[in-house]
Amino acid sequence: RQAARRLAIGIGDWGSVPGLIRAILLGLRNEMPRATRRLFADSGTIHVFAISGLHIAFVAGLLVMAVRLTGVQRHYWCVVVAPLLIFYTVATGARPSAVRACVMAILYLSASLLRRRPNSVAALAGTALVVHLIQPWLVFEAGSTLSFVVMGGLVVFCRPFSKIMHRICGLEKAEATARLLGAADEKRRTRLARFRKEVLRFFADSFAVSLSAWIASVPLTAFYFGRFTPGGLLANLVVVPCASLIVMAGFMGLLSSFVGSGLAACFNNAAGLFTVVMVR
């Protein structure tokens, strides 16, 4: 309830927008207007409002980024990130898909702690083993199968798609430009070049994630639910990046609300803007 209240600081008069932000970050979908819910369901993008592997991946990425900035060695990232990730998973309802993603993220990050190289396939296999040892009947559950297949699709397809998108977006050229400007001691232009590089990387990786998840999920969605949305890929290419930006801005707003309501309002307005763009 405190988190829901803090996410509305500065955007309380934005109509249904605060409710949609709460649905994305906290899984509180009871405030979603029925027409909006139907809109996202018909476009094959309703998954952004379910606390799932996508959300856990975003949150884990944000936590890793924050820990990296503090200077903590890679080997000990898991010690800091794992408790916070577990807290978020439990606080948002500990839904099965979120729990599976949380276990996988912790297994992946714990590899460095054990002086092993992180491996996505090993983390996914270890998660499947742990989950099905505890709850063997999930082998016959469509939701569990879909969750693991989508995660497997991300593991298999995401990296090659990311490389393709990096080439299309000219990321290597952007990195070379940033290095040259840094060597020339052009501080302002270097910062701008690095910012441009990170923006390109974000959109390229978001496209790769959307495409990978869509390709992996389409056959099972058609088989289990008799539903195939051709426009779902195009819709996800817009919705997933917006959802990730909403998660980032929303979490920054939530954290900064403990410092000051003015700062929280700035981040919440950014989250509100991305929410409006996503709905439109």
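Values in this document were obtained by computation on a predicted structure and should not be read as measured data.

Caption draft 1: Expanded view of the overall build of the chain. Broken down by element type, the chain carries 12 helices and 0 strands. Ordered by position in the sequence, the α and β elements of the chain form the string α-α-α-α-α-α-α-α-α-α-α-α. For 280 residues, the compact-globule estimate of 2.2 N^0.38 gives 19 Å, and the C-alpha radius of gyration of the chain, at 19 Å, lies within 12% of that figure. Along the three orthogonal principal directions, the C-alpha set of the chain runs to about 60 × 50 × 40 Å. Looking at the 280 residues of the chain, the share that counts as buried comes to 40%.

Caption draft 2: Representation of the layout of surface pockets. Each pocket or cavity is described by its volume, and for the largest pocket that value is around 2200 Å³. Around the largest pocket, the lining comprises 43 residues; the ones closest to its centre are Ala-57, Gly-61, Cys-158, Asp-205 and Val-209. Contributing elements (two or more residues each) for the lining of the largest pocket: helix 4 (53-69), helix 6 (96-113), helix 7 (120-134), helix 8 (142-168), helix 10 (187-225) and helix 11 (232-256). In terms of residue count, the dominant contributor to the lining of the largest pocket is helix 4 (12 residues). Looking at the lining of the largest pocket residue by residue, the classes come out as 29 nonpolar, 8 polar and 6 charged.

Caption draft 3: Local environment of helix 11. When the terminal C-alpha atoms of helix 11 are compared, their 34 Å separation across 25 residues agrees well with the 36 Å that a helix rising 1.5 Å per residue should span. Where burial is concerned, most of helix 11 is hidden: 18 out of the 25 residues are buried.

Caption draft 4: Broad picture of the nonpolar core. Ile-21, Ile-24, Leu-25, Phe-49, Val-59, Leu-85 and Met-278 are the most contacted members of the largest nonpolar core, which totals 41 residues. Per-element tally for this core: the top contributor is helix 11, with 8 residues. Grouped together as the second largest cluster of nonpolar side chains are 7 residues, Ala-123, Leu-124, Val-131 and Met-151 included.

Caption draft 5: Structural detail: a nonpolar patch on the surface. Among the surface-exposed residues, Tyr-76, Val-79, Val-80, Leu-84, Leu-113 and Leu-114 lie close enough to one another that they form a single nonpolar patch of about 530 Å² accessible area. The dominant element in the nonpolar patch, judged by the number of residues it contributes, is helix 5 (residues 77-91), at 3 residues. Checked against the element boundaries, Val-80 lands in helix 5. Under the relative-accessibility criterion, Val-80 is labelled partly exposed at 35%.

Caption draft 6: Inspection of the packing of aromatic side chains at higher detail. Across all of its chains, the model carries 3 aromatic pairs by this definition. Relative to Phe-161, the ring of Phe-157 lies with its centre 5.8 Å away and its plane at 15 degrees, an arrangement referred to as stacked. Taken together, the residues span about one helical turn, with Phe-157 and Phe-161 both in helix 8 at a distance of 4 residues. One Lys or Arg, Arg-6, reaches over the ring of Phe-258 and ends 4.0 Å from the middle of that ring.

Caption draft 7: Molecular detail of empty space enclosed by the protein. Across all of its chains, the model carries 1 cavity of 30 Å³ or more by this definition. Quantified by volume, the largest cavity comes out at close to 40 Å³. Lining the largest cavity we find Arg-100, Ala-101, Met-104, Leu-124, Thr-127, Ser-147, Phe-148 and Met-151. Of all elements in the fold, only helix 6, helix 7 and helix 8 reach the threshold of two or more residues within the lining of the largest cavity. Each residue belonging to the lining of the largest cavity can be placed in one class, and the counts come to 5 nonpolar, 2 polar and 1 charged.

Caption draft 8: Just the packing of helix 7 against helix 8, in detail. Contact geometry of helix 7 with helix 8 gives a least axis separation of 10 Å together with a crossing angle of 170 degrees. With respect to helix 8, the element helix 7 is oriented roughly antiparallel. Contacts from Ser-120, Val-121, Leu-124, Thr-127, Ala-128, Val-131 and His-132 in helix 7 reach Ser-144, Phe-148, Met-151, Gly-152 and Val-155 in helix 8.

Caption draft 9: Focus on a positive patch on the surface. A cluster of basic residues, Lys-187, Arg-188, Arg-189 and Arg-191, forms a positive patch on the protein surface. The topology assignment puts Arg-189 in helix 10.

Caption draft 10: The arrangement of the state of the cysteines in detail. Going through the model one piece at a time under the given rule, you end up with 0 disulfides. Just so you know, Cys-169 is unpaired, no disulfide at all, and the nearest cysteine sulfur is the one on Cys-158, 14 Å from it. No disulfide involves Cys-266; its sulfur sits 20 Å from the nearest other cysteine sulfur, which is in Cys-242. For Cys-266, a relative accessible area of 54% corresponds to the exposed category.

Caption draft 11: Just the packing of helix 2 (residues 17-26) against helix 11, in detail. Closest axis-to-axis distance for the helix 2/helix 11 pair is 10 Å, and the angle between their directions is 95 degrees. Considered as vectors, helix 2 and helix 11 are oriented roughly perpendicular to each other. From helix 2, Ile-21, Ile-24 and Leu-25 reach across to helix 11, where they touch Ile-246, Val-247, Gly-250 and Phe-251. Classifying every residue of the contact of helix 2 with helix 11 gives 6 nonpolar, 1 polar and no charged.

The rules behind each value
Residues numbered from 1 in each chain as written. Predicted model: local features only at pLDDT ≥ 70, side-chain atom pairs only at ≥ 80, totals over all residues. Heavy atoms only, no water. Helix = DSSP H or I, 4+ residues; strand = E, 2+ residues; numbered from the N terminus. Rg over C-alpha atoms; globule rule 2.2 N^0.38 Å. Buried < 20%, exposed > 50% of the residue type's maximum accessible area, 1.4 Å probe, protein only. 1 Å grid on protein atoms, 1.4 Å probe; cavity = no way out; pocket = protein on both sides within 12 Å on 5 of 7 lines; lining within 4 Å. Points joined across faces, edges and corners; volume = space filled by probe spheres on them. Nonpolar A, V, L, I, M, F, W, Y, C, P; charged D, E, K, R; others polar. Expected span 1.5 Å × (residues − 1). Core = buried A, V, L, I, M, F, W, Y, C linked by side-chain atoms within 4.5 Å. Patch = residues over 30% accessible without salt bridge, like charges linked within 9 Å, V, L, I, M, F, W, Y side chains within 5 Å. Areas by Shrake-Rupley, 256 points an atom, 1.4 Å probe, with all protein chains shown as cover. Salt bridge = Lys/Arg side-chain N within 4 Å of Asp/Glu carboxyl O. Phe/Tyr/Trp six-rings, centres within 6.5 Å; stacked < 30°, edge-to-face > 60°. Lys NZ or Arg CZ within 6 Å of the ring centre and 35° of its normal. Axes fitted to C-alpha atoms, helices over the stretch in contact; angles between N-to-C directions. Parallel < 35°, antiparallel > 145°, perpendicular 65-115°, else oblique. Contact = heavy atoms within 4.5 Å. Lys, Arg positive; Asp, Glu negative; His and termini not counted. Charge placed at Lys NZ, Arg CZ, Asp CG, Glu CD. Disulfide = S-S within 2.5 Å.

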